[in-house]
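Survey of secondary and tertiary structure
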Amino acid sequence: MKLSNFNFNLPVELLAEFPAENRDESRLMVVDRKKGTIEHKLFKDILDYFDEGDVMVVNNTKVFPARLYGNKEKTGARIEVFLLRELNAEQRLWDVLVDPARKIRIGNKLYFGDDDSLVAEVIDNTTSRGRTLRFLYDGSYEEFRQKLVDLGETPIPKYINREVTPEDADRYQTIYAKEEGAVAAPTAGLHFSKHLMKRLEIKGVDFAEVTLHVGLGTFNPVEVEDLSKHKMDSEEVRISQEACDTVNKAKANKKRVCAIGTTTMRAMESSVSSNKTLNPYEGWTNKFIFPPYDFSVADCMVTNFHTPKSTLLMMISAFCGHDLMRKAYDEAIKEKYRFYSYGDAMLIL
């Protein structure tokens, strides 16, 4: 499989700028791999495809307000700082992206907030846009983290060509988000409402939680035609014994295990035993899944519609089968499904 196999024309108007009015009323395309069929439903109809004892595995990572705007000392130029990950809590060191990067050099200071109450010093270059910042703040660590929350804004993806709204803080977050650390939402989970999860629980469907802190690497374009040469950024993963027990019991009982999203799938496939059971894990993964690939844990998945040439699309192709994936995407474009983070969903059985 080459990069060019994953290119297609996506009309720009199909990139969703806003979420559906109700989480569980976005559209749902149901793709059956055995039958090769495609159905058109609403997301809340997912209830009809699962039974007692089936397990849905969700990514409980929580998005933090990672986008800050500051001013450069002396010139006052407005600089966007995108927080990627905390490197050292004690020293308040962070890995960040800056824009425009050409203006930001080691030794520069950046000021945040109307009262300049938060200051950061650039102490290293990591990539063309990447920098290491040391934050200077008079206060406890808890007060410092609260300051980041107060000054930061919801990191909705760049393609969404509008100002961030107060609603984004709620809607660009799953209802089960609890482990803070992601800079992008695990978007397949955005379609679940409290009401729908309750109805699934009443039906006897179990939920298992894993954590994968989604980084911006998820969206890095693949720039090599030979996919085996693409390197994924590492992302932090935690899989508890409890989650493993829930998943492995379902597998032993021949019940469905459904990965809610590509990040959940990557987390699970990063910690599998030789007999295809899920193992507890705490660490990092840079696993890149592209065709051909033999999946070990989940036998169905929920995912959004992804952009051309993305690593997410490559995983879907590996899971769905390339020809069926292309057929489904052609149909999605024809039927005007909404793509990307705030878009519609696909259930692959």
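None of these values were measured; they are calculated from a predicted model. (Residues numbered from 1 in each chain as written. Predicted model: local features only at pLDDT ≥ 70, side-chain atom pairs only at ≥ 80, totals over all residues. Heavy atoms only, no water.)

**Things to note about the sheet that holds strand β12 (residues 206-212)**
Strands belonging to one sheet form pairs held by backbone hydrogen bonds; the direction of such a pair is parallel or antiparallel. The strand order β2-β1-β17-β16-β14-β3-β12-β13-β15 describes an open sheet built from nine strands, whose pairing is mixed. Edge positions in the open sheet fall to β2 (37-42) and β15 (281-285), since each of these has one partner strand only. On average, each strand axis in the sheet is tilted by 25 degrees relative to the strand beside it, whichever way the strands run. Along the sheet, helix α7 (residues 322-334) makes contact with β1 (27-32), β2, β16 (300-304) and β17 (345-348), crossing β1 at roughly 155 degrees. (Pairing = 2+ DSSP bridges. Helix = DSSP H or I, 4+ residues; strand = E, 2+ residues; numbered from the N terminus. Axes fitted to C-alpha atoms, helices over the stretch in contact; angles between N-to-C directions. Contact = heavy atoms within 4.5 Å.)

**Some points on the packing of aromatic side chains**
Going through the model one piece at a time under the given rule, you end up with 18 aromatic pairs. An angle of 40 degrees between the planes, with centres 4.8 Å apart, marks the rings of Phe288 and Phe290 as tilted. Owing to a relative accessible area of 21%, Phe290 belongs among the partly exposed residues under this scheme. Consider the rings of Tyr329 and Phe339, whose centres lie 5.7 Å apart with planes at 75 degrees: the pair is edge-to-face. Separated by 10 residues along the polypeptide, Tyr329 in helix α7 and Phe339 in the loop between α7 and β17 bring together distant segments of the chain. (Phe/Tyr/Trp six-rings, centres within 6.5 Å; stacked < 30°, edge-to-face > 60°. Buried < 20%, exposed > 50% of the residue type's maximum accessible area, 1.4 Å probe, protein only.)

**Considering the pattern of salt bridges**
Summed over the entire model, instances satisfying the criterion amount to 17 salt bridges. Where Glu236 meets Arg238, a salt bridge forms, and the shortest distance between an N and an O atom there is 3.6 Å. Classification of Arg238 by relative accessible area gives partly exposed; the value is 27%. For Glu331, the salt bridge is made with Lys334, and the minimal N-O distance between the two is 3.9 Å. Note that Glu331 and Lys334 are positioned in helix α7 at a spacing of three residues, about one turn of the helix. With a relative accessible area of 59%, Lys334 lands in the exposed category. Salt bridges linked by common partners bring Arg67, Glu80 and Lys158 together as one network. (Salt bridge = Lys/Arg side-chain N within 4 Å of Asp/Glu carboxyl O.)

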